Amino acid sequence: AMSYGSLSKNAVEALNLGSKMGGFAHNTGEGGISPYHLKHGGDLIWQIGTGYFGCRNKDGFFDENKFKTNASRPSVKMIELKLSQGAKPGHGGILPAKKNTPEIAEIRGIEPYTDVHSPPRHTAFSDFKGLVLFIQNLRELSDGKPIGFKLCIGSANEFEEICKSMSELKIFPDFITIDGGEGGTGAAPVEFSDRIGTPYEDGLCLAYNLLVKYKLKEHIKLIASGKITTGFHVAKAIALGADGCNSARAMMLALGCIQALECNKNTCPVGVATQNASLMRGLDVEHKGKRVANYHKETIHSFFELVSATGLHKIDELERKHIRKRVSLTQVMTYEELFPY
């Protein structure tokens, strides 16, 4: 999930072209749907954050009519409500003034050349039941498109409260994305990136166990996110309980990101995270789109090879017992021992 605004139009286009070529989905990030997300016809997961970009009124509150307009786009296949993200849980998104061009401001419904701070929390709801009812409302407004939410788990009790609310109201999101504290962005405060949020292994196991406990898992798909870059990471996530994976960092590297950590300065030397036309000129959409598609294809190929090496026949036979972790110099444990079902 990487917004147009934080990323250049060339980067967004290349990601969309790659997703179209490779047959996978492209998450918009919370910055709204831009023309560059639509140019190549890749499937979109439209992410809505606390700033409600693409579905906000002039005061920054949720706007049902604008939501309906964007949700009805044929490219939009799923809608993801972002509660928090692994790179900076408890902290809203940040777009510095110099990256907030008039075009980006218009897409987002804000003033150009001002600092954009998404609030740390939502205004459309204020408690767990409100979240669940809001998801139901989004589903109705979008004519039944799959709706889910994304969060980096902070406390087990809070996630359990969400489960209780879903169970009581008999309203189930189609998916929940569990983002790990490993998630990264060069635009986040370093202390947040390094120190806040549950790691995805712990968060994912917790979420899976609680969804099973409240008999919700049969209704809800789990998506894992947070530094997933290799076939083995995918295998591990699925063994821990995920139904699918998101990858942001690795896709950035496929685009040519060199981790210069200048995302917030508008000076990204490879044209990925800048609005400077002379810098983004070096990012060739056709060339990088192919690289994004190729990275995805080879990662999935490696994942299937790993699974077949275990002797299993189907992906959903992967369980926690199949993955081992060295926990000390003398001891190796399976994930089932570390994270019991």
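Just above, that's the structure.
The model shown is predicted, which means the values in this text are computed figures rather than measured ones.

J.: Whenever I open this one, the packing of helix α1 (residues 9–22) against helix α12 (residues 285–309) confuses me. Can you help?
T.: Each pair of packed helices gets described by two things: the angle between the helix axes and the distance between those axes. Axis separation between α1 and α12 bottoms out at 7 Å; the angle between their running directions is 45°. Compared by their axis directions, α1 and α12 come out oblique. At the point where α1 passes α12, the crossing takes the right-handed sense. Within the contact between the two elements, α1 uses N10, E13, A14, L15, L17, G18, M21 and G22 and α12 uses V285, E286, K288, G289, K290, V292, A293 and H296.

J.: Looking at this model, I keep getting lost on the pattern of salt bridges. Mind explaining?
T.: Side chains that differ in charge, positive against negative, can pair when their charged atoms come close. Taken as a whole, this structure holds eleven salt bridges when the rule is applied. The salt bridge involving K39 is made with E13; its shortest N-O contact spans 3.4 Å. Pair noted here: K39 is in the loop between α2 (35–38) and β2 (44–48) and E13 is in helix α1, with a separation of 26 residues, a long-range link. A salt bridge links D179 to K150, with the nearest nitrogen and oxygen atoms 3.6 Å apart. Of this pair, D179 sits in strand β7 (residues 175–179) while K150 sits in strand β6 (residues 147–151); the two residues are 29 residues apart in sequence, bridging distant segments of the chain. This pair shows no difference in class: D179 is buried, exactly as K150 is. One salt-bridge network, held together by shared partners, links E201, K236 and K325.

J.: What should I look at first to understand the nonpolar core in this one?
T.: Inside soluble globular proteins, nonpolar side chains tend to come together where they are buried. Within the largest apolar cluster, 57 residues are counted, with the highest numbers of intra-cluster contacts made by F67, M166 and I176. Ignoring anything within four residues of it in the chain, the contact list for M166 reads V132, F149, I171, F172, P173, I176, L211, L216 and I220. In terms of nonpolar packing, the next biggest core, distinct from the first, is built from 27 residues, A11, I110, A254 and C268 among them.

J.: Would you mind going over the layout of surface pockets with me for this structure?
T.: Using a probe with the size of a water molecule, rolled over the atoms, empty space left in the structure can be pinpointed. Reported here for the second largest pocket is a volume of approximately 640 Å³. Residue lining of the second largest pocket: 31 residues in total, with L83, S84, P120, R121 and E158 positioned closest to the centre. For the lining of the second largest pocket, the secondary-structure elements that each account for two or more residues are α5 (128–141) and α6 (156–169). When residues of the lining of the second largest pocket are assigned to their parent elements, the largest contribution, three residues, is made by α6. Taken together, the residues of the lining of the second largest pocket sort by class into twelve nonpolar, 13 polar and six charged.

What counts and how
Numbering of residues begins from 1 in every chain and follows the order in which that chain's sequence is written. Totals for whole chains, interfaces and linings use every residue, but because this is a predicted model, local features are given only for residues with pLDDT of at least 70 and side-chain atom pairs only at 80 or more, for both listing and counting. The side-chain values count all of the structure's non-hydrogen atoms but skip hydrogen atoms and water molecules. Lines fitted to the C-alpha atoms define the axes, with helices restricted to the stretch that makes contact. Angles between their N-to-C directions range from 0 to 180 degrees. Every helix listed is a DSSP run of H or I at least four residues long, and every strand listed is a run of E at least two residues long, numbered separately from the N terminus. Just so you know how the angles are binned, under 35 degrees is roughly parallel, over 145 roughly antiparallel, 65 to 115 roughly perpendicular, and the rest oblique. It is the rotation of the near helix from the far one that decides the hand of a crossing: anticlockwise by less than a right angle makes it left-handed, clockwise makes it right-handed. Only heavy atoms matter for contacts: two residues are in contact if any of them lie within 4.5 Å across the pair. By definition, a salt bridge exists where a carboxyl oxygen of Asp or Glu is found within 4 Å of a side-chain nitrogen of Lys or Arg. Exposed residues in this analysis have more than 50% of their type's maximum accessible area, buried residues have under 20%, and partly exposed residues fall in between, with area computed by a 1.4 Å probe over protein chains only. Within this scheme, the nonpolar core is defined by two criteria: the residues are buried Ala, Val, Leu, Ile, Met, Phe, Trp, Tyr or Cys, and they are joined through side-chain atoms within 4.5 Å. Using a 1 Å grid laid over the protein atoms alone, points where a 1.4 Å probe fits but cannot get out form a cavity; open sets with protein on both sides within 12 Å along at least 5 of 7 lines form a pocket; any residue with an atom within 4 Å of a point counts as lining. Grid points are joined across faces, edges and corners, and a volume is the space filled by probe spheres set on the points. By the convention adopted, Pro, Cys, Tyr, Trp, Phe, Met, Ile, Leu, Val and Ala count as nonpolar, Lys, Arg, Asp and Glu as charged, and the other residues, Gly among them, as polar.

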